[in-house]
Every structure is written in C-alpha cells, then in structure tokens.
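Listed below are the residues making up each chain.
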Amino acid sequence: MTAIARPTQGRMIGGVCAALARRFGTSATTMRVIFLVSCLLPGPQFVLYIALWFLFPSEDKVRTAW
C-alpha cells in the first residue's frame, strides 16, 4: 500500500481530491464532484479538506525523503 501524497501535477487547490482519487482508483474529477455534492450536506467538509491539506505531504517532499 502506498502512502497518500498530494500530486504536484493536476491539482486544483491543494491536491487533496487528486490524492484521494489516486488512492481509491477513481478520476480526480469524480472525487471533486463527490466533494462538492457533500458540501450540500451539513458537516465539517471544508475543515476536513484543510486538515487533509496539511496532513497529506506533497509528492515532491515524499520523493526527496527516500
């Protein structure tokens, strides 16, 4: 199992949706639509996105660590 890392290419804001899409084997567009639809429901979606932005390392930092 690979570590989740925000990609340096193909990200829109922070790369969280692109990283999750890569991990679960879907397209980044699908993951972004799921996130936008989830924002219609009550809950801390934006707070979770920002938290994951800080928790998921950037892909270039993961490569240099190895």
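As the structure is a computational prediction, the values presented were derived from the model and not from experiment. (Residues numbered from 1 in each chain as written. Predicted model: local features only at pLDDT ≥ 70, side-chain atom pairs only at ≥ 80, totals over all residues. Heavy atoms only, no water.)

1. Considerations on the environment of arginine 32
Condition: Here a helix means four or more residues in a row that DSSP labels H or I, a strand means two or more in a row labelled E, and each is numbered from the N terminus. Each residue gets one of three labels from its accessible area relative to the maximum for its type: buried under 20%, exposed over 50%, partly exposed in between, using a 1.4 Å probe on protein chains only.
Its place among the elements puts arginine 32 in helix H2 (residues 28-38). Residue arginine 32 is classed as buried on the basis of its relative accessible area, which comes to 19%.

2. Focus on the packing of helix H1 (residues 16-24) against helix H3 (residues 45-55)
For clarity, the threshold we go by: To obtain an axis, a line is fitted to C-alpha atoms, over the contacting stretch when the element is a helix, and the angle between two such axes runs from 0 to 180 degrees between their N-to-C directions. Relative orientations are named as follows: roughly parallel for angles under 35 degrees, roughly antiparallel for angles over 145 degrees, roughly perpendicular for angles from 65 to 115 degrees, and oblique for any other angle. By definition, residues are in contact when any of their heavy atoms lie within 4.5 Å. Note that Gly is not counted as nonpolar here; it falls among the polar residues with everything else outside the nonpolar set of Ala, Val, Leu, Ile, Met, Phe, Trp, Tyr, Cys and Pro and the charged set of Asp, Glu, Lys and Arg.
Remark: H1 packs on H3, axes separated minimally by 9 Å, with the N-to-C direction vectors making an angle of 75 degrees. Classified by the angle between their axes, H1 and H3 sit roughly perpendicular to one another. Seen from H1, the contacting residues are Val16, Cys17 and Leu20; seen from H3, they are Tyr49, Leu52 and Trp53. When its residues are assigned to classes, the contact of H1 with H3 shows 6 nonpolar, no polar and no charged.

3. Digging into the environment of alanine 3
Position of alanine 3 relative to the elements: it lies in the segment before H1. Look at alanine 3 and you get exposed, because its relative accessible area is 66%. On a C-alpha basis, the gap between alanine 3 and phenylalanine 56 in space is 8.9 Å, while along the polypeptide they are 53 residues apart.

4. Describing the confidence of the model for the protein chain
The following threshold applies: pLDDT is a per-residue confidence score from the predictor, ranging from 0 to 100.
Taken as a whole, the protein chain shows an average pLDDT of 86; of its residues, 89% reach a score of 70 or greater. Mean pLDDT per element in the protein chain: helix H4 (residues 59-65) is the minimum at 70, and H2 is the maximum at 92.

5. Topic: the nonpolar core
The criterion, for reference: In these notes, a set of buried Ala, Val, Leu, Ile, Met, Phe, Trp, Tyr and Cys residues joined through side-chain atoms within 4.5 Å is what counts as a nonpolar core.
Counting residues in each nonpolar core, the largest one holds 10 residues, listed as Val16, Cys17, Ala19, Leu20, Ala21, Met31, Phe35, Tyr49, Leu52 and Phe56. Within the residue set of this core, elements represented by two or more residues are H1, H2 and H3. Here the element with the most residues in this core is H1; it accounts for 5 residues. Setting aside chain neighbours within four positions, we find tyrosine 49 in contact with Ile13, Gly14, Gly15, Val16, Cys17 and Phe35.

6. Looking at H1
Those residues of H1 that sit buried are Val16, Cys17, Ala18, Ala19, Leu20 and Ala21. Elements that come into contact with the buried residues of H1 comprise H2 and H3. Just past H1, the residue glycine 25 takes up positive phi, approximately 75 degrees.

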